[in-house]
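Each chain, written out:
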Amino acid sequence: MVRDEELIGECPQCRAPGLCCRFNRFQKDDLQILSWEHRCNDCGHRETKAYRSDEPDTAGDLVDQEVCPYCSRHARPDTLR
Ligand SMILES: [Zn+2]
Ligand SMILES: [Zn+2]
């Protein structure tokens, strides 16, 4: 499990400046799961989006899975190796 976490600013729900953008990459044999999570440490607001390599429907060719769907931040290169 690789983890890439960054404090990105204001929570859309409570306006506290503690919103965290987290990218996880999980690889097991042929299965790869990339997931994005926005989470507020203050109010618990949470949004997640996961891309599984065994579920092409949720992946979609047009989506850049290495870019956060919420804040457009790109995953750090060292987390993708
Ligand atoms: Zn919040
Ligand atoms: Zn983000």
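Structure's up top.
Residues numbered from 1 in each chain as written. Chains lettered and ligands numbered in written order. Predicted model: local features only at pLDDT ≥ 70, side-chain atom pairs only at ≥ 80, totals over all residues.

J.: Tell me about the overall build of the protein, and please be specific about residues and values.
T.: Of the regular secondary structure elements, the protein holds one helix and four strands. Helices (α) and strands (β) of the protein occur, in sequence order from the N terminus, as β-β-β-β-α. Contacts spanning at least 24 positions in sequence make up 38% of the contacts within the protein whose residues lie at least 6 apart. (Helix = DSSP H or I, 4+ residues; strand = E, 2+ residues; numbered from the N terminus. Contact = placed C-beta atoms within 7 Å.)

J.: Give a description of the environment of Arg 15 that names residues and reports values.
T.: Within the secondary structure, Arg 15 sits in the loop between strand S1 (2–9) and strand S2 (19–28). Overall, the presence of 11 C-beta atoms within 10 Å leaves Arg 15 in the exposed class. A sequence separation of 25 residues divides Arg 15 from Cys 40, and the C-alpha atoms of the two residues are 9.5 Å apart. (Buried ≥ 20, exposed ≤ 12 C-beta atoms within 10 Å, placed from the backbone.)

J.: Give a description of the nonpolar core that names residues and reports values.
T.: Of all hydrophobic cores here, the largest spans five residues; its members are Cys 21, Phe 23, Trp 36, Cys 68 and Ala 75. Here Cys 21 is in contact with Glu 6, Ile 8, His 38, Cys 68, Cys 71 and Arg 73, once residues within four sequence places are set aside. (Core = buried A, V, L, I, M, F, W, Y, C linked by C-beta atoms within 7 Å.)

J.: Describe in detail the pairing of strand S4 (residues 46–52), supporting the description with residues and values.
T.: Taken residue by residue, a regular strand's side chains alternate between the two faces of the sheet. Across seven bridges, strand S3 (residues 31–40) lies against S4 in antiparallel orientation. Looking across to S4, one finds that His 38 is bridged to Glu 47. Taken together, S3 and the strand that follows it, S4, pair antiparallel across an intervening segment of five residues, in which Gly 44 is found at a positive phi of about 85 degrees. (Pairing = 2+ DSSP bridges.)

J.: So what about unusual backbone geometry? Which residues, and what values?
T.: One non-glycine residue, Arg 15, lies in the positive phi region at around 70 degrees. Not every positive phi belongs to a glycine, and Asp 29 is a case in point at roughly 50 degrees. Mapped onto the fold, Asp 29 is located in the loop between S2 and S3.

J.: Let's hear about the environment of His 45: which residues, and what values?
T.: Tracing the sequence through the fold places His 45 in the loop between S3 and S4. Residues His 45 and Gln 13 lie 32 residues apart in sequence; the distance between their C-alpha atoms is 6.9 Å. In this view, His 45 contacts Cys 11, Gln 13, Cys 14 and Cys 40; residues no more than four positions away in its chain are not counted.

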